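Residue-level structural notes
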Amino acid sequence: MYCIICFGMIHMGTDIPNFVLYASMGLVFVLAYYKTGRLKVSIMDHFFNNTISIVY
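The notes below deal with the structure included here. (Residues numbered from 1 in each chain as written. Predicted model: local features only at pLDDT ≥ 70, side-chain atom pairs only at ≥ 80, totals over all residues. Heavy atoms only, no water.)

**Looking at the overall build of the protein chain**
Looking only at helices and strands, one finds 3 helices and 0 strands in the protein chain. Each helix and strand of the protein chain, placed in order from N terminus to C terminus, yields the pattern α-α-α. The principal-axis extent of the C-alpha atoms belonging to the protein chain is close to 35 × 30 × 10 Å. Counting only residues that meet the buried cut, the protein chain has 18% of its 56 residues in that class. When the accessible area of the protein chain is evaluated, it comes to approximately 4,500 Å², of which 73% is carbon and sulfur surface. (Helix = DSSP H or I, 4+ residues; strand = E, 2+ residues; numbered from the N terminus. Buried < 20%, exposed > 50% of the residue type's maximum accessible area, 1.4 Å probe, protein only. Areas by Shrake-Rupley, 256 points an atom, 1.4 Å probe, with all protein chains shown as cover.)

Here you go:
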């Protein structure tokens with residue numbers, strides 16, 4: 001839970017909806033880590049998310 005809140009706060013803009021968006025993304029990354037037990041999976045998910053937002 002702490003990781004999700006930290007991820008949301010670090011990426012947060014100036015409003016609550018952005019915090020909720022990024023905290024939910026953090027939740028996905030944490031779940032990917034817990035499911036696989038490998039941090040590399042969460043890092044790759046983050047990388048692909050950033051790549052998609054740059055391309056589009």
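**Thoughts on the packing of aromatic side chains**
All chains considered together, the criterion is met by 2 aromatic pairs. Their ring planes at 55° and their centres at 5.7 Å tell us that Tyr33 and Tyr34 sit as a pair that is tilted. Assessed through its relative accessible area of 63%, Tyr34 is described here as exposed. (Phe/Tyr/Trp six-rings, centres within 6.5 Å; stacked < 30°, edge-to-face > 60°.)

**Overview of a nonpolar patch on the surface**
Together, Tyr33, Tyr34, Leu39 and Ile43 make up an exposed nonpolar region whose accessible area comes to about 460 Å². With respect to the helices and strands, the residue Ile43 is situated in helix H3 (residues 39-55). (Patch = residues over 30% accessible without salt bridge, like charges linked within 9 Å, V, L, I, M, F, W, Y side chains within 5 Å. Salt bridge = Lys/Arg side-chain N within 4 Å of Asp/Glu carboxyl O.)

**Looking at the packing of helix H1 (residues 2-11) against helix H2 (residues 16-36)**
In a pair of packed helices, the angle between the axes and the distance between the axes together describe the arrangement. At a minimum axis distance of 8 Å, the contact between H1 and H2 shows a crossing angle of 135°. By the angle class used here, H1 and H2 are oblique. Crossing of H1 over H2 shows right-handed handedness. Contacts between H1 and H2 involve Cys3, Ile4, Ile5, Phe7, Gly8, Met9 and His11 on the former and, on the latter, Phe19, Tyr22, Ala23, Met25, Gly26, Leu27, Phe29 and Val30. The residue inventory of the contact of H1 with H2, partitioned by class, reads 12 nonpolar, 3 polar and no charged. (Axes fitted to C-alpha atoms, helices over the stretch in contact; angles between N-to-C directions. Parallel < 35°, antiparallel > 145°, perpendicular 65-115°, else oblique. Left-handed = near helix turned anticlockwise from the far one by under 90°. Contact = heavy atoms within 4.5 Å. Nonpolar A, V, L, I, M, F, W, Y, C, P; charged D, E, K, R; others polar.)

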